[in-house]
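# Inside the fold
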Amino acid sequence: MGSGSCVPSFERFPSSYFFCPLQLKESWLVDIGEGALFRLSEARESYKDIDRIFISHTHPDHIGALIPLILALKYTPGFERSKPLFIYGPESVREYLDMHLDFAPYLKCDFPINFVSCSSDNDIEIEKCLIKTKKMNHFETTLGYRWFFGGKVIVYGADGEVSEELINLSEDADLLILESSYPKDKPSSGHLTTFEAGKIAREAGAKKLLLSHFYPEVVGMKEEQIETEVRNSGYQEEIVLAKDLMTLKI
Ligand SMILES: [Zn+2]
Ligand SMILES: [Zn+2]
């Protein structure tokens with residue numbers, strides 16, 4: 001839904017990914033940055049059907065559309081939701097949610113909002129899906145997620161610098177979703193460069209690397225240039241550069 005950063009862009013909205021785990025017949029969002037509901041609508045998917053949201057941290061480019069989603073679920077004329085909405089995230093996400101519900105009591109919904117508080121190294125089970133979390137090297141508690149279902153592993157590294165935890169979380173992933181915020185020669189604390197994303201994918205043995213969370217300098221590079229920087233890390237498997245509304249089948 002969003003392959004961009006906090007820098008406003010019509011082409012690249014802030015972080016959000018729509019997962020459609022066919023075995024579970026559910027709709028998930030992984031992070032819900034500003035604009036996610038608009039992209040969902042463009043993709044002809046319904047915000048009404050979202051079952052679970054996995055949130056990495058409370059930076060607005062990852063959580064900005066959460067309150068608008070709750071507002072829409074409550075006030076869409078002719079629609080009454082009864083199924084629960086599950087939200088997974090660090091304790092700070094609960095605080096974020098509670099703060100908004102206290103400030104705006106009109107947001108309180110009749111359907112259950114079940115918050116599942118996660119910290120590092122949690123194991124969560126949803127029917128046939130196993131989920132692991134790890135703390136990323138970013139802001140307060142930022143969580144990366146690893147989902148295992150249908151014999152496939154998908155990993156989302158959220159935001160964060162190179163760390164043993166991130167390499168460990170990413171091990172043998174069939175799809176590894178990593179930020180690559182900056183070019184190789186312009187690293188910035190709290191984030192990965194193109195080269196570093198390749199290095200993590202190589203060390204973890206990931207089979208496919210989806211690069212995302214691009215800041216303007218990376219957006220301004222030619223695709224071949226980005227790939228060259230990633231390849232310089234020694235990563236030899238498939239690289240995909242995310243675009244908004246792109247779909248991948250795993
Ligand atoms: Zn962040
Ligand atoms: Zn971010």
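Please refer to the structure placed before this passage.
Remember, predicted model here, so these are calculated numbers, not experimental data.

### Looking at the packing of helix H6 (residues 194-204) against helix H8 (residues 223-231)
- At a minimum axis distance of 7 Å, the contact between H6 and H8 shows a crossing angle of 50°. Viewed along their axes, H6 and H8 adopt a mutual orientation that is oblique. Once H6 is placed against H8, the crossing between them reads as right-handed. Across the interface between the two elements, Thr194, Phe195, Ala197 and Gly198 of H6 pack against Ile226, Glu229, Val230 and Arg231 of H8.
- Residue classes in the contact of H6 with H8 are distributed as four nonpolar, two polar and two charged.

### Some thoughts on the sheet that holds strand E3 (residues 52-54)
- Pairing is mixed in the open sheet, where five strands are placed in the order E1-E2-E3-E4-E5. The sheet is open, and its two edges are formed by strand E1 (16-19) and strand E5 (113-117), each paired on a single side. Between one strand axis and the next, the sheet turns through 20° on average, direction left out of account.
- As paired strands, strand E4 (residues 85-89) and E5 are joined by five bridges and run parallel to one another.

### Focus: H6
- Where burial is concerned, most of H6 is hidden: eight out of the 11 residues are buried.
- Along H6, the residues that are buried comprise Thr194, Phe195, Glu196, Ala197, Gly198, Ile200, Ala201 and Ala204.
- Gly205 occupies a position one or two residues after H6 and carries a positive phi of about 75°.

Reading the values: rules and limits
- Residues numbered from 1 in each chain as written.
- Chains lettered and ligands numbered in written order.
- Predicted model: local features only at pLDDT ≥ 70, side-chain atom pairs only at ≥ 80, totals over all residues.
- Axes fitted to C-alpha atoms, helices over the stretch in contact; angles between N-to-C directions.
- Helix = DSSP H or I, 4+ residues; strand = E, 2+ residues; numbered from the N terminus.
- Parallel < 35°, antiparallel > 145°, perpendicular 65-115°, else oblique.
- Left-handed = near helix turned anticlockwise from the far one by under 90°.
- Contact = placed C-beta atoms within 7 Å.
- Nonpolar A, V, L, I, M, F, W, Y, C, P; charged D, E, K, R; others polar.
- Pairing = 2+ DSSP bridges.
- Buried ≥ 20, exposed ≤ 12 C-beta atoms within 10 Å, placed from the backbone.

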